[in-house]
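Reading the structure
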Amino acid sequence: MRVHAYAAPAAGRPLAPTTIERRDVGPDDVLIEVEYAGICHSDIHTVNGDWGPQPFPVVPGHEIVGVVTEVGPRVTRHRVGDRVGVGCMVDSCGECANCRNGDEQYCLDGLVPTYAGTDRDGSTTQGGYSTHVVVDADFVLRVPDGIGPAAAAPLLCAGITTWSPLRRWGAGPGRRVAVVGLGGLGHMAVKLAHAMGAEVTVLSQSLKKQEDGLRLGADSYFATTDPDTFTQLAGRFHLIVNTVSATIDVDAYLSLLAVDGTLVNVGAPAEPLSLNAMSLIGGRRSYAGSMIGGIAETQEMLDFCAEHGIGAEVEVVPADRVNEAYERVLASDVRYRFVIDAATLR
Ligand code: NAP
Ligand code: ZN
């Protein structure tokens with residue numbers, strides 16, 4: 001079927017309305033009428049060419065929420081009328097050790113990203129800035145009642161990307177967790193770590209968003225442009241989650257870790273990050289990375305959010321304001337996720 005979408009025609013060019021072809025619903029597929037699609041900074045990195053050449057035109061969008069309108073004959077886990085979500089991947093081999101372990105995002109055969117990837121039929125995947133998507137049912141999540149669809153959309157990337165390291169490296173009572181950058185991912189990290197029971201500190205460029213940070217669940221808030229911050233907080237944190245989309249001074253942040261502490265990088269800047277080995281050695285510290293999360297883990301996160309009344313803080317925008325939203329994300333002027341109203345794509 002031919003559907004409406006918004007696409008970037010070439011690297012660094014503004015997005016514009018277009019139409020794209022969606023495959024017929026196969027035996028294991030679900031057809032979803034999209035309600036909302038979040039704007040992730042990864043969409044911007046991709047269309048700006050920060051991560052290398054892309055198969056343009058690219059329809060971004062991997063924070064998708066909508067309603068099932070058709071299912072293939074073999075689908076049992078979703079039904080017509082269900083509210084569902086799709087995140088950053090739409091397929092994986094399902095057979096390798098990582099897939100079998102629930103880490104489909106690290107599929108040894110290569111996961112199929114929701115957009116700008118190669119699908120199993122050889123076509124290029126196109127994302128959620130469109131009225132409809134067709135996705136294998138195994139990569140479609142249940143969106144529980146109780147989270148509004150616009151607030152749920154960012155959970156599919158920003159939510160799971162922060163949930164996974166918070167869970168793996170431990171955010172809970174007695175743990176001091178710092179979140180670097182209060183954007184889309186950062187604000188979810190604050191909400192989730194707070195709900196898990198950790199003591200949460202925001203490390204932001206300025207104190208402009210301090211009131212918001214404390215309201216979202218942070219216990220304290222510091223400006224990283226103030227050099228005193230780094231002396232005051234030295235050796236303090238068990239876990240630091242870096243969500244910054246640009247390069248940071250990794251050594252300075254490592255100095256804030258307690259012995260055995262871990263700095264997990266989820267931010268994926270265009271330029272390499274470097275560090276001095278002494279920053280790790282001098283405190284038995286770890287520097288780690290983490291990419292989104294597995295499908296079962298994503299469902300667990302969605303269920304946790306519903307149970308704890310957690311959704312993203314969103315600013316809903318019509319499709320014709322997507323380029324302006326990109327500019328505002330690049331200027332760190334987002335509170336805290338732009339979400340496209342897919343009804344405006346028609
Ligand atoms: P975002 O909404 O733009 O948030 C990034 C935040 O980083 C900004 O709000 C800002 O926070 C801070 N920041 C931006 N530029 C900075 C600079 N030059 N110096 C210091 N701080 C700066 O972006 P996002 O959607 O949360 O994504 C963040 C990063 O994570 C991106 O690189 C994205 O590609 C990546 N990502 C990775 C994964 C994964 O699986 N690992 C998944 C999704 C996204 P303050 O204003 O508070 O300083
Ligand atoms: Zn994302």
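Note that the structure is a prediction, hence the values are computed from the model and not measured. (Residues numbered from 1 in each chain as written. Chains lettered and ligands numbered in written order. Predicted model: local features only at pLDDT ≥ 70, side-chain atom pairs only at ≥ 80, totals over all residues. Heavy atoms only, no water.)

1. Observations concerning the sheet that holds strand E12 (residues 220-223)
Rules: Strands are treated as partners if at least two bridges between them are detected by DSSP. In this description a helix means any DSSP run of H or I spanning at least four residues, a strand means any run of E spanning at least two, and both kinds are numbered starting from the N terminus. Here an angle of 0 to 180 degrees is reported between the N-to-C directions of two axes, which are lines fitted to C-alpha atoms, with helices fitted over the stretch in contact. Any two residues whose heavy atoms approach within 4.5 Å at even a single point are treated as in contact.
Across the sheet, six strands lie side by side as E12-E11-E10-E13-E14-E15; this open sheet has parallel pairing. The outermost strands of the open sheet, each flanked by one partner alone, are E12 and strand E15 (286-289). Strand-to-strand twist across the sheet, computed as the mean angle between neighbouring axes with direction ignored, equals 20 degrees. Where strand E10 (residues 176-180) and strand E13 (residues 237-242) come together, four bridges link them in parallel fashion. Bridging across to E13, Val179 finds its partner in Val241. Docked against the sheet, helix H4 (residues 158-169) engages E10, E13, strand E14 (257-265) and E15, running at close to 160 degrees with respect to E13.

2. Some details on the domain arrangement of the protein
We apply this condition: Note that the domain bounds reflect an automated or database-derived domain assignment. A quick way to say it: buried area is the sum, across both parts, of accessible area lost when two parts are put together, with a 1.4 Å probe. One side-chain nitrogen of Lys or Arg within 4 Å of one carboxyl oxygen of Asp or Glu is enough to make a salt bridge. In protein, a polar contact requires one atom able to donate a hydrogen and another able to accept it; more generally it is a pair of N or O atoms within 3.5 Å, and residues adjacent in sequence count only if both atoms are side-chain atoms. Residue classes follow a fixed rule: Ala, Val, Leu, Ile, Met, Phe, Trp, Tyr, Cys and Pro count as nonpolar, while Asp, Glu, Lys and Arg count as charged, and any other residue, Gly among them, counts as polar.
Assigned domains of the protein: these are domain 1 (2-157 + 293-345) and domain 2 (159-289). Computed over C-alpha atoms only, the centres of domain 1 and domain 2 are separated by 26 Å. Between domain 1 and domain 2, the residue contacts involve 24 residues of the former and 26 residues of the latter. Where domain 1 abuts domain 2, roughly 2,200 Å² becomes buried across the two surfaces, and 56% of that area is made up of carbon and sulfur atoms. Counting the surface domain 1 buries against domain 2, the share from its top three residues, Phe304, Glu313 and Tyr336, is 27%. As a salt-bridge pair, Arg335 and Asp212 come within 3.0 Å of each other at their nearest N and O atoms. Along the contact surface separating domain 1 from domain 2 lie 16 residue pairs in polar contact (both at pLDDT 80 or more). Looking at the side of domain 1 that touches domain 2, the elements that each hand over two or more residues are helix H1 (41-47) and helix H10 (295-307). At six residues, H10 tops the list of elements feeding residues into the side of domain 1 that touches domain 2. Among the residues making up the side of domain 1 that touches domain 2, the classes are represented as eleven nonpolar, seven polar and six charged.

3. Thoughts on the site of ligand 1
Cut-off, in case you're wondering: Here, proximity means that at least one heavy atom of the residue falls within 4 Å of the molecule or strand. All accessible-area figures derive from a Shrake-Rupley calculation using a 1.4 Å probe, and residue coverage is judged against the displayed protein chains alone.
Ligand 1 sits among 29 residues. The nearest are His41, Leu182, Ser204, Lys209 and Arg337. Leu182 has a polar backbone atom sitting 2.7 Å from an oxygen atom of ligand 1. Here an oxygen atom of ligand 1 sits 2.7 Å away from a polar atom, N or O, in the side chain of Lys209. Here ligand 1 has 930 Å² of accessible area as a free molecule, and 88% of this is covered by the chains. Those elements giving two or more residues to the shell around ligand 1 turn out to be H1 and helix H5 (184-196). A per-element tally of the shell around ligand 1 places H1 first, with three residues. Along the lines of polarity and charge, the residues of the shell around ligand 1 split into 13 nonpolar, 14 polar and two charged.

4. Description of empty space enclosed by the protein
Here is the rule we go by: A pocket, in this scheme, is an open set of points on a 1 Å grid over the protein atoms alone with protein on both sides within 12 Å along at least 5 of 7 lines, while a cavity is a set where a 1.4 Å probe fits but cannot get out; residues line either one if an atom lies within 4 Å of a point. Grid points are joined across faces, edges and corners, and a volume is the space filled by probe spheres set on the points.
Following the criterion strictly, the structure yields one cavity of 30 Å³ or more and no others. Quantified by volume, the largest cavity comes out at close to 80 Å³. Taken together, the residues of the lining of the largest cavity break down into eight nonpolar, three polar and no charged.

5. Remarks on H4
Let me state the cut-off plainly: Each residue after the first adds 1.5 Å to the expected span of a helix. Each residue is assigned to one of three classes by its accessible area relative to the maximum for its type, calculated with a 1.4 Å probe on protein chains only: buried under 20%, partly exposed between the two thresholds, exposed over 50%.
Across its twelve residues, H4 extends 17 Å between first and last C-alpha, which sits within 8% of the 16 Å expected from 1.5 Å per residue. Within H4, nine of the twelve residues are buried, which leaves the element mostly enclosed by the surrounding structure. Those residues of H4 that fall on the buried side of the exposure criterion are Ala158, Gly159, Ile160, Thr161, Thr162, Trp163, Ser164, Pro165 and Leu166. Summarising the contacts, the buried residues of H4 are in contact with E10, H5, E13, E14, H10 and strand E17 (337-341). Just downstream of H4 lies Gly170, where phi reads positive at about 90 degrees.

6. Structural notes on the coordination of the zinc ion (ligand 2)
Quick note on the threshold: Note that water is not among the atoms considered, so a metal site may appear incomplete; the donors listed are N, O and S atoms within 2.8 Å of the metal, with 3.2 Å applied to Na, K and Ca.
Note on the zinc ion (ligand 2): its protein donors are Cys40 (SG), His62 (NE2) and Cys157 (SG). The metal-donor distances range over 2.0 to 2.2 Å. In primary sequence terms, the donor set of the zinc ion (ligand 2) follows C-x21-H-x94-C. Residue Cys40 is found in the loop between strand E3 (29-38) and H1, and its partner His62 is found in the loop between H1 and strand E4 (64-71); the two are separated by 22 residues along the sequence. According to the relative accessible area criterion, His62 is buried, its value standing at 7%.

7. With respect to the UniProt feature "domain: Enoyl reductase (ER)" (unreviewed entry) in the protein
Here is the rule: UniProt positions are given in the numbering used here, feature names are shortened, and annotations may be inferred rather than shown by experiment.
UniProt annotation of "domain: Enoyl reductase (ER)" (unreviewed entry) refers to residues 12-340 when read in the numbering used here. The span residues 12-340 is 26% helical and 25% strand by assignment, and the distance between its end C-alpha atoms comes to 20 Å.

8. Looking at the layout of surface pockets
Taken as a whole, the second largest pocket spans an internal volume of roughly 320 Å³. Around the second largest pocket, the lining is made up of 21 residues, and of these Arg22, Asp119, Thr124, Thr125 and Gln126 lie nearest the centre. For the lining of the second largest pocket, the elements supplying multiple residues, two or more each, are strand E2 (16-21), strand E6 (89-91) and strand E8 (132-136). Of all the elements, E8 adds the most residues to the lining of the second largest pocket, at three residues. Residue classes in the lining of the second largest pocket are distributed as nine nonpolar, five polar and seven charged.

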